[in-house]
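Residues per chain, in single letters:
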Amino acid sequence: MAAQATAEGARRNGTTFEFPVRGMSCASCVGRVETAVRAVVGVQAANVNLATGRVSGVLAAGASDIAVADAVRGAGYEPVEVVTELRVSGMTCASCVGRVERALGHVPGVRDATVNLATQRASVRHLGGAGMAQRIVAAVAAAGYEAEPVRDAAAAGDRERAEREAEIAALRRSVLLAALATAPLLVFEMSAHLSGSLHEALTRTLGQGMLTLLSLVFASLIQFGPGLRFYAKGIPALLRGAPDMNSLVMLGTSAAYGFSVVAALAPWLLPAGTAYTYFEAGAVIVTLILLGRWFEARARGRTSDAIRHLLTLQARTARVVRDGVETEVDVEGVRPGDVVAVRPGERLPVDGTVLDGASYVDEAMVTGEPVPARKATGDEVIGGTVNGTGSFRFRATKVGSDTLLAQIVRTVEAAQGSKLPIQALVDRVTTWFVPAVLGAAAVTLGIWLAFGPSPALAFALANAVAVLIIACPCAMGLATPTSIMVGTGKAAEFGILFRRGEALQALRDARVIALDKTGTLTKGTPELTDIAVLPGFDEDTVLRLLASMEARSEHPVAAAIVAAAQRRGVRLAEAVGFEAIPGFGARAMVEGRRVEAGADRLMRRRGLDLSALSGAAERLADDGRTPLYVAVDGVLAALVAVADPIKESTPEAIAALRRLDARVVMVTGDNRRTAEAVARRLGIDAVEAEVLPTDKADVVRRLQVDGTVPVAFVGDGINDAPALAQADVGLAIGTGTDIAVESADVVLMSGDLRNVANAVALSRATIRNIRQNLFWAFAYNAVLIPVAAGALYPAFGILMSPLFAGLAMAFSSVSVVLNALRLRAFAPMLQATKAAAS
């Protein structure tokens, strides 16, 4: 009972935690996990349930359940972590982003959170557990913003598009109303400066008192009509001690408006000579900032064109064959195993395998290749691609969120929502930017009141308001994500998928491009080109023995040898005891004879003398062919040569990479002579030959030179997974269905090596665009905030009017977004070269 009471007390005073754990299979697993959890400082109670696969307990104040999860992982089990995507509304600047990220980071169980101002999305990685999504949403709400989890990408995209259009329409209405009210207000307030006769006419007709009253009415209409949105967001943020851009605008315009109201209705409360009205200043500022936000909203909508275009590729209906009858159903109704009929010109609804019929299918949306691909029985087809003039039926294999198109959308969205290392400086600055601006405005007010010319109060107010208005954290917040959105979206159009946004920066910095040979530089389908036998052996017999053994292997070279034997009509025998020796060759017993085939290092390991065939091997290697030795019953029997044809696009791709000042290195298991012959033919800078498959990652590590040289590795994404993971950025040559390769940072959907150069060029263009955005965003604030404060007045007598401050602020973020949109005009490097050449 005492123990139970203690536990109850802990539950009352501490924080509970609960999350799933993978890998537990017995009571001893439970014991190990409980021991590890209870050893964590701050854990007051712990319970592990094998049936539910969950760990739960109570933490003391200040303790972290992330530490508990790390302890579970240290014990050899895997705490389940999930990623929740949120749609966040109400963010207007980089300060908002920082506040949402901090709010999410304080939620127990959240490991990290990334918030994107341009997409209005948050990606939160957290421990799995009941109620986590609700706690995350509640944390965002407590920070003053609205959030909801994103579940259905298509539905969410439609909803976001509708809401974005509604926001643009609302801003347009606000701008029109503000402009219509500001126009007469400017005439009333500025008539004396615009035209003496106009001012006289207005005064004579309406009277000065009526002019002032009308100015008050129009200014109030603007301040508390279109300008009310700044109060709705700015005041709560200010009360929370976390002021944002809305707070700055609200304070600046309220100061101008409030001072003007006092000057108009109770001028005796102000010092003599200071009772001037600034109704037009606040009104123009509200109008200009709303105009800027309208332009910005329209421009930001264009940055997500890539995702919208991908979503439109999804067919809405499918023609499913059920009980022998074709029935049209919504695409959501298609199930794996269904037979789907496709007519000429139709868009394929889901992924599948052709059962009967044939046609040509336009797969440009996946591979970027303009030439349609022929599809016949047994071929894979991809949802979203467009059928040509033929018709066929296929069996659905992947539907809904499992289709390739859905994977591509998720991949692009994930890359667009990620942060680059270059963003770290912006994050540090924006945490103190708005409070610093408030401080600068207060200092400006004080200095001008103390040292300014008469009327000091008027100068002080005008300059303080200008400081509040000129500051623009929006531009800093949009500088990076808008460029990432446009850059990764543009890449998807070329069949280049950045699985991580960070790969954009890593690829830009890569100075060494290491390329796997087979399947990357070459077609990956070798052909037998030569066979030379030694005295005592017959060519057909050696080929029969060799092909019979290689028929048990899945290696491409083995397939080439078997195919050559079949073309000659050679009957294959049964091979027993087959053994593949990675990096060396293979051996087996065929018709009672021991057959061995492989590289020269295998024969030397067997102690065989290769001198009789070494000259021929050297000549074949010099021609870029791969020589393989064959031994029968421990006696050297023959030399065969296999050549893997170079892809047509490879020479152009290598030349383009060298024009990008990249050092190109070929990594292959071929003997050095063959590898160097291929390298000479292609103009490759260096060769790493005779590399075992398990050693490719070590080659990449050596090329990195202790981490000082960024290295990109290009491979097929399967056999080269360790090297792809070791490289600073790994590029997987895909075949249209390989985008889920976990070890690759970038997937080239078409398998065209020229897209490596295009990816490098696009990454450099994107990072260059980001640097331009950041420069202008920081330079804008660094230069104009002091000017707004009056730094030029002592020497040059120059002051910045709050009107011009509002105009500059309104268009600063628009200019950043428009600069990012220039990336939409990016042309693939090799196409640009061809155009220039022609």
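Further up the page is the structure itself.
Remember, predicted model here, so these are calculated numbers, not experimental data. (Residues numbered from 1 in each chain as written. Predicted model: local features only at pLDDT ≥ 70, side-chain atom pairs only at ≥ 80, totals over all residues. Heavy atoms only, no water.)

Colleague: Describe the overall build of the chain, and please don't skip the residues or the numbers.
Modeller: What the chain contains, in helices and strands, is 31 helices and 29 strands. In the chain, buried positions account for 53% of the 838 residues. Partitioning the contacts of the chain with sequence separation of at least 6, the portion at a separation of at least 24 is 69%. Split by element, the accessible area of the chain, about 35,700 Å² in all, is 57% carbon and sulfur. (Helix = DSSP H or I, 4+ residues; strand = E, 2+ residues; numbered from the N terminus. Buried < 20%, exposed > 50% of the residue type's maximum accessible area, 1.4 Å probe, protein only. Contact = heavy atoms within 4.5 Å. Areas by Shrake-Rupley, 256 points an atom, 1.4 Å probe, with all protein chains shown as cover.)

Colleague: Help me get a handle on the packing of helix α16 (residues 456-470) against helix α28 (residues 754-789), residues and values and all.
Modeller: For the pair α16 and α28, the least separation of the axes is 8 Å and the interaxial angle reads 165°. Between α16 and α28, the angle falls in the class roughly antiparallel. As for how α16 packs across α28, the hand of that crossing is right-handed. Counting all contacts with α16, which are made through Asn463, Ala466, Val467 and Ile470, the residues of α28 involved are Tyr780, Asn781, Leu784, Ile785, Ala788 and Ala789. Among the residues forming the contact of α16 with α28, the class breakdown is 8 nonpolar, 2 polar and no charged. (Axes fitted to C-alpha atoms, helices over the stretch in contact; angles between N-to-C directions. Parallel < 35°, antiparallel > 145°, perpendicular 65-115°, else oblique. Left-handed = near helix turned anticlockwise from the far one by under 90°. Nonpolar A, V, L, I, M, F, W, Y, C, P; charged D, E, K, R; others polar.)

Colleague: Describe unusual backbone geometry, with residues and values.
Modeller: Omega for the bond connecting Ser454 with Pro455 falls within 30 degrees of zero, at -5°, which places this linkage in the cis form. Positionally, Pro455 belongs in the loop between α15 (423-451) and α16. Phi is positive for Asp633, close to 55°, though the residue is something other than glycine. Residue classification places Asp633 among the partly exposed positions, given a relative accessible area of 38%. Here the phi dihedral of Asp661 falls at roughly 65°; this positive angle occurs in a residue that is not glycine. One can find Asp661 in the loop between α24 (650-659) and β25 (663-667).

Colleague: Which residues make up the sheet that holds β25, and what values go with them?
Modeller: Taken together, the 7 strands give an open sheet; going across it, the order is β17-β29-β28-β27-β18-β25-β26, and neighbouring strands pair in mixed fashion. In this open sheet, the two strands that pair with only one neighbour each are β17 (496-498) and β26 (686-688). Strand after strand, the sheet turns through a mean of 20° between neighbouring axes, direction not considered. Of the pairings in the sheet, the one linking strand β18 (residues 512-516) to β25 comprises 5 bridges and is parallel in character. In the strand pairing of β25, Ile513 is matched with Val664. Where helix α18 (residues 502-509) meets the sheet, it contacts β17, β27 (711-715), β28 (729-733) and β29 (746-748), and its direction lies at approximately 100° from that of β28. (Pairing = 2+ DSSP bridges.)

Colleague: Talk me through the nonpolar core; I want residue IDs and the actual numbers.
Modeller: With 135 residues, the main nonpolar core has Leu86, Met91, Leu104, Ile513, Leu731 and Leu753 as its most contacted residues. The dominant element in this core, judged by the number of residues it contributes, is α28, at 15 residues. Ranked by size, the runner-up nonpolar core spans 27 residues in total, among them Leu528, Ile561, Ala575 and Val595. (Core = buried A, V, L, I, M, F, W, Y, C linked by side-chain atoms within 4.5 Å.)

Colleague: So what about the pattern of salt bridges? Which residues, and what values?
Modeller: Summed over the entire model, instances satisfying the criterion amount to 31 salt bridges. For the salt bridge of Asp70 with Arg111, the shortest nitrogen-to-oxygen distance reads 3.0 Å. Separated by 41 residues along the polypeptide, Asp70 in helix α3 (residues 65-74) and Arg111 in strand β6 (residues 110-116) bring together distant segments of the chain. Put simply, Asp70, Arg73, Glu78, Glu81, Arg111, Asp112 and Arg125 are held in one network by salt bridges that share partners. (Salt bridge = Lys/Arg side-chain N within 4 Å of Asp/Glu carboxyl O.)

Colleague: Which residues make up the side chain of Arg319, and what values do they have?
Modeller: Relative to the helices and strands, Arg319 resides in strand β9 (residues 317-322). Residue Arg319 is classed as buried on the basis of its relative accessible area of 12%. A polar contact is formed between the side chain of Arg319 and the side chain of Glu346, at a distance of 2.8 Å. Beyond its immediate chain neighbours, meaning those up to four positions away, Arg319 contacts Glu326, Thr327, Glu328, Val339, Val340, Ala341, Arg343 and Glu346. (Polar contact = N/O pair within 3.5 Å; in protein donor to acceptor, adjacent residues only side chain to side chain.)

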